[in-house]
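# Residue-level structure breakdown
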Amino acid sequence: QVQLVESGGGLVQAGGSLRLSCTASGRPFSGYAMGWFRQAPGKEREFVAGISGAGASTNYADSVKGRFTISRDNAKNTVYLQMNSLKPEDTAVYYCASGPPFSPILRLVANNYNYWGQGTQVTVSS
């Protein structure tokens, strides 16, 4: 049974930073793509960032490009999302997800992922 556990969310002022972590268990970590998604109240879940199994390939939503960085430490079975220059519109529940080693364009689609964490709340005040 694969489990993903997110941490690192919280309340931060606009312009501040947070780092989210997602630790996986239940299967070998390095062979699988990982993604971060978010869902704000009343909105659909949207792609934020994705990373390949080895970490060599990443992609980002246009809304976070240049501000967020996804990375992974396969020795620790953990993927990170460093979020800088946060804006109130970044407020959402953030979810990590695990999927097969698919191409970058397929990382954008939530339905392509097999496993999801429970989510962590990020609130950015203005």
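Here the structure is shown first, and the text comes after it.
Residues numbered from 1 in each chain as written. Predicted model: local features only at pLDDT ≥ 70, side-chain atom pairs only at ≥ 80, totals over all residues. Heavy atoms only, no water.

### Here's the deal with the pattern of salt bridges
Put simply, the rule is: The salt bridge definition used is simple: a Lys or Arg side-chain nitrogen within 4 Å of an Asp or Glu carboxyl oxygen. Runs of E in the DSSP output that reach at least two residues are strands. Runs of H or I that reach at least four are helices, and both are numbered from the N terminus. The buried label applies to any residue whose accessible area, calculated with a 1.4 Å probe on protein chains only, is under 20% of its type's maximum; exposed applies above 50%, and partly exposed to all values in between.
In total, this model carries 4 salt bridges according to the counting rule given. The partner of arginine 38 in a salt bridge is aspartate 90, with the nearest N and O atoms 2.9 Å apart. You can see arginine 38 sitting in strand E4 (residues 33-39) and its partner aspartate 90 sitting in the loop between strand E8 (78-83) and strand E9 (92-99), a full 52 residues away along the chain. Each member of the pair, arginine 38 as well as aspartate 90, carries the same accessibility label: buried. For the salt bridge of arginine 67 with aspartate 90, the shortest nitrogen-to-oxygen distance reads 2.8 Å. Here aspartate 90 lies in the loop between E8 and E9 and arginine 67 lies in the loop between strand E6 (58-60) and strand E7 (68-73), a separation of 23 residues in the sequence. Side by side, arginine 67 and aspartate 90 carry an identical accessibility label, which is buried. Sharing partners across several salt bridges, the network here consists of Arg38, Glu46, Arg67 and Asp90.

### Side note on the side chain of serine 52
Condition: Working rule for contacts: check all heavy atoms of both residues, and any pair within 4.5 Å makes them a contact.
In this fold, serine 52 is placed in the loop between strand E5 (46-51) and E6. In this structure, serine 52 is in contact with Tyr32, Ala33, Ser57, Arg72 and Arg107, ignoring residues within four places of it in sequence.

### Points about the nonpolar core
Just so we agree on the cut-off: We call a set of buried Ala, Val, Leu, Ile, Met, Phe, Trp, Tyr and Cys residues a nonpolar core when their side-chain atoms join them within 4.5 Å.
Ranked by size, the top nonpolar core spans 34 residues in total, and within it Trp36, Leu81, Met83 and Tyr94 carry the most contacts. Within the residue set of this core, elements represented by two or more residues are strand E3 (18-25), E4, E5, E7, E8, E9 and strand E11 (120-125). Filtering out sequence-adjacent residues up to four positions away, leucine 81 remains in contact with Leu18, Arg19, Leu20, Trp36, Val48, Ala49, Phe68, Thr69, Ile70 and Tyr94.

None of the figures reported here should be taken as evidence of function without further support.
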